[in-house]
Amino acid sequence: MKMLKLALVWAGTLGQLLPGRLAAQDGSPAAAVPVERLRARREALLKKMRIGVAVLRSASERSGDPPDPDYPQDSDFRQDNDFFYLTGLETPDSWLVLVAKESGPGQVILYLPPRDPVQERWTGAQLGPGVLAAQETGIPEADIRSTEKAEAEIRDRVTGQQSLAAVPGGAFYFKHSKKNSESEFIRSIILAPFVQAADLQVILWSLRQVKDENEIWRLRRAAEISAQGHLAAMRATKPGVWEYEVEAAAEGTFRRLGAERVAYPSIVGTGGNGTVLHYDKNRAKAESGELMVMDMAAEFGYYAADVTRTIPVSGHFTPHQRALYDLVLGAQQVAIDSTRPGVRMRDLDGIARRYLHDHSGDLCGKQTCDTFFIHGLSHHIGMDVHDPAVSDLLEPGMVFTIEPGVYLPDEKTGIRIEDDILVTPEGHEVLSAGAPRRAEDVEKAVGKP
Ligand code: GLY
Ligand code: MN
Ligand code: MN
């Protein structure tokens, strides 16, 4: 947040830079992304580009200024995912340029805002161009520049006579996001004569869908922390508890264990609220006899878990609730058991639906329970909770959810069970296994502080 704009003017000593730095996850329990990982990601991107120039912009601070404030909250700044993936930096208002040549290694140029001693008295040390930035990113110091001339230099590199975006087979790679492609600067480059525009986003998605060892470490920790949060939430639940109290038990645990933020707004829905897929008001009181759906997870070092448990508020399932719960659990388990490299996510979806169909009995009335499974079984996770992917075919290193559900609004009953699965060369590993899942284990945890 730009505190300087709050009408107060710092009258102390100016011109002195603060010690310390705000760099690559500095001070975060997740620590910095190792430089060799960042280099490998950039090299993989350059290889896929073949010939051309790619331009990425980092995120900016949101504005707290009237008349159009964004209502930023505590630690509100979050880096753009692709920028973080390639640089490991949390610096706002920066540019990354990658130049892929037909032969020889490519070049990576990083533009960082110059350090500002006045601003730093308010918001802390920033990483500027220099040796520290080179150490953090593995980009040569000579290729780290100030943003003061960034736009002119980038325009010249892409549209100038020597441009690799205009040679046969070359391209200007940029992200097709609304914010990006509609920015005046990027549009002016795309519209320049001879520049061949190409989609950078789809290449980044194809790289990001298979996680490297550091990403798997982050996701594993995000899932472990989330599982601990679920356990705390189960323990905090008893008849009369408010949904937000359960949310607080989980989120307090996430933060205590090193998560910087939640992976998405926590969903705690008791009774009929549990049948609303993205219910996140979390304002109702939980009553004995109800089931409560808790879809809550932590983000750790920029990586998001996604975990759901469904629990009986009283600590005991009724026989009907238990039968429905075991049906959903069975559907999840067959899908988990079928997970290995070479299987398609849509096949797992079919396997879970068939299980619900074949084992429904009369649990869902005249219809089979698969009718009431109204969303997809799976999605990738990563820096986005719904992480982008370009392939449906599972490979080692992919991490995705398996989350069957049955929603019966007429009975005010929703059940969803969601876990995070790493695809391994041999099969799979359930990263969120620390959260009780079998009905008897759930019953043992609920209401037992
Ligand atoms: N928490 C959002 C989802 O399960 O997809
Ligand atoms: Mn999910
Ligand atoms: Mn979820």
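Quick notes on the rules
- Residues numbered from 1 in each chain as written.
- Chains lettered and ligands numbered in written order.
- Predicted model: local features only at pLDDT ≥ 70, side-chain atom pairs only at ≥ 80, totals over all residues.
- Heavy atoms only, no water.
- Helix = DSSP H or I, 4+ residues; strand = E, 2+ residues; numbered from the N terminus.
- Rg over C-alpha atoms; globule rule 2.2 N^0.38 Å.
- Buried < 20%, exposed > 50% of the residue type's maximum accessible area, 1.4 Å probe, protein only.
- Areas by Shrake-Rupley, 256 points an atom, 1.4 Å probe, with all protein chains shown as cover.
- Lys, Arg positive; Asp, Glu negative; His and termini not counted.
- Charge placed at Lys NZ, Arg CZ, Asp CG, Glu CD.
- Contact = heavy atoms within 4.5 Å.
- pLDDT = per-residue confidence, 0-100.
- Near = heavy atom within 4 Å.
- Polar contact = N/O pair within 3.5 Å; in protein donor to acceptor, adjacent residues only side chain to side chain.
- Nonpolar A, V, L, I, M, F, W, Y, C, P; charged D, E, K, R; others polar.
- Pairing = 2+ DSSP bridges.
- Axes fitted to C-alpha atoms, helices over the stretch in contact; angles between N-to-C directions.
- Disulfide = S-S within 2.5 Å.
- Donors = N, O, S within 2.8 Å, 3.2 Å for Na, K, Ca; no water.
- Tetrahedral: all angles 85-135°; square planar, octahedral: opposite > 155°, others 65-115°.
- Salt bridge = Lys/Arg side-chain N within 4 Å of Asp/Glu carboxyl O.

Here's the deal with the overall build of the protein
When you go through the protein residue by residue, the secondary structure sums to 13 helices and 17 strands. Taking 449 residues into account, the globule formula puts the C-alpha radius of gyration at 22 Å, and the protein, at 25 Å, falls close to it. By its C-alpha atoms, the protein is 75 × 55 × 40 Å across when sized along the principal axes. Within the protein, the fraction of its 449 residues that count as buried is 52%. Carbon and sulfur atoms form 53% of the exposed surface of the protein, whose accessible area is close to 20,000 Å². Across the protein, 51 positive and 63 negative side-chain charges occur, with their mean positions spaced 2 Å apart.

Observations regarding the environment of leucine 98
Tracing the backbone through its elements, the reader meets leucine 98 in strand E2 (residues 95-100). Leucine 98 sits in the buried class, given a relative accessible area of 0%. As for leucine 98 and aspartate 358, which are separated by 260 residues in sequence, their C-alpha atoms are 53 Å apart. Every residue in contact with leucine 98, bar those within four places of it in the chain, is listed here: Arg42, Leu45, Leu46, Met49, Gly52, Val53, Ala54, Leu56, Gln107 and Val108.

Here's the deal with the confidence of the model for the protein
Of all residues in the protein, 92% have pLDDT values of 70 or greater, and the mean over the chain is 92. Scored below 50 in pLDDT, residues 1-15 makes 16 contacts in the model with residues more than four places away or belonging to other chains.

A closer look at the site of ligand 1
In the vicinity of ligand 1, the contacting residues are Tyr264, Asp295, Asp306, His379, His386, Glu403 and Glu418. Contact between ligand 1 and aspartate 295: a nitrogen atom at 3.1 Å from a side-chain N or O atom of the residue. Side-chain polar atom of aspartate 306 to a nitrogen atom of ligand 1: 3.0 Å apart, as the coordinates give it. Contact with the protein chains hides 90% of the accessible area of ligand 1, taken as 200 Å² for the molecule alone. Each residue belonging to the shell around ligand 1 can be placed in one class, and the counts come to one nonpolar, two polar and four charged.

Some thoughts on unusual backbone geometry
For aspartate 93, which is not a glycine, the phi torsion comes out positive at approximately 55 degrees. Its place among the elements puts aspartate 93 in the loop between helix H2 (81-87) and E2. On the accessibility criterion, aspartate 93 (27% relative accessible area) is partly exposed. Even without being a glycine, phenylalanine 194 presents a positive backbone phi close to 75 degrees. Tracing the backbone through its elements, the reader meets phenylalanine 194 in the loop between helix H7 (184-190) and strand E6 (197-199).

Here's the deal with the sheet that holds strand E11 (residues 303-304)
Taking strand neighbours across the sheet as the criterion, the three strands line up as E7-E10-E11 in an open arrangement whose pairing is antiparallel. Since the sheet does not close on itself, it has two edges, and those belong to strand E7 (261-262) and E11, each with one partner. Where strand E10 (residues 298-300) lies against E11, two bridges are found, and the strand directions are antiparallel. When the bridges of E11 are listed, phenylalanine 300 appears paired with tyrosine 303. In this fold helix H9 (residues 213-235) packs onto E10 and E11, with an angle of close to 150 degrees to the strand it touches most, E10.

Details of the state of the cysteines
As enumerated under the stated definition, the model contains one disulfide in all. There is a disulfide in this structure between cysteine 364 and cysteine 369, and the S-S distance comes to 2.0 Å. Judged by the sign of its S-S torsion, about 105 degrees, the cystine formed by cysteine 364 and cysteine 369 is right-handed. Of the residues examined, cysteine 369 reaches a relative accessible area of 0% and is grouped as buried.

Comments concerning the coordination of the manganese ion (ligand 3)
Each donor-metal-donor angle in an ideal tetrahedron of four donors is 109.5 degrees, and each such angle in an ideal octahedron of six donors is either 90 or 180 degrees. Within the protein, the manganese ion (ligand 3) binds to Asp295 (OD), Asp295 (OD), Asp306 (OD) and Glu418 (OE); these donor distances fall in the range 2.1 to 2.4 Å. Each of the six donor atoms around the manganese ion (ligand 3) contributes to a set of angles spanning 56 to 170 degrees, which defines the coordination as irregular. All donors of the manganese ion (ligand 3) belong to a single chain; written as a sequence motif, their spacing is D-x10-D-x111-E. Taken as an interatomic distance, the gap from the manganese ion (ligand 3) to the manganese ion (ligand 2) is 3.4 Å; aspartate 306 donates to each of them. On the criterion of sequence distance, the pair formed by aspartate 306 in the loop between E11 and strand E12 (308-312) and glutamate 418 in the loop between strand E15 (413-416) and strand E16 (419-423) is long-range, its members being 112 residues apart. With a relative accessible area of 0%, glutamate 418 lands in the buried category.

What about the pattern of salt bridges?
By the definition in use, this model includes 26 salt bridges. In this structure, arginine 220 engages glutamate 429 in a salt bridge whose closest nitrogen and oxygen atoms are separated by 2.4 Å. Taken together, the residues arginine 220 in helix H9 and glutamate 429 in strand E17 (residues 428-430) connect sequence positions 209 residues apart. For glutamate 429, a relative accessible area of 31% corresponds to the partly exposed category. With a closest N to O distance of 3.2 Å, arginine 322 and glutamate 440 form a salt bridge. Remark: glutamate 440 occurs in helix H13 (residues 439-445) and arginine 322 occurs in helix H11 (residues 319-337); sequence separation between them is 118 residues. Salt bridges sharing partners connect three or more residues here, namely Asp80, Asp82, Lys175, Arg208, Lys211, Asp384 and Asp387.

Quick word on the coordination of the manganese ion (ligand 2)
At this site the manganese ion (ligand 2) is bound by Asp306 (OD), His379 (NE2), Glu403 (OE) and Glu418 (OE), with donor distances of 2.0 to 2.2 Å. Taken together, the six donor atoms surrounding the manganese ion (ligand 2) define angles of 51 to 155 degrees at the centre, an arrangement classified as irregular. Donor residues for the manganese ion (ligand 2), ordered by position in the chain, follow D-x72-H-x23-E-x14-E. Its relative accessible area of 14% is what places histidine 379 among the buried residues. Since its relative accessible area comes to 8%, glutamate 403 is described here as buried.

Quick notes on the sheet that holds strand E9 (residues 291-295)
Here we have three strands laid out as an open sheet, ordered E8-E9-E12, and antiparallel in their pairing. Looking at the sheet topology across the chains shown, the edges are occupied by strand E8 (267-270) and E12. Strand-to-strand twist across the sheet, computed as the mean angle between neighbouring axes with direction ignored, equals 15 degrees. Sheet topology places E9 next to E12; five bridges connect them, and they run antiparallel. Opposite valine 293, over in E12, you have threonine 310 as the bridge partner. Most of the contacts of H9 go to E12, to which it runs at about 15 degrees, and overall it touches E9 and E12.

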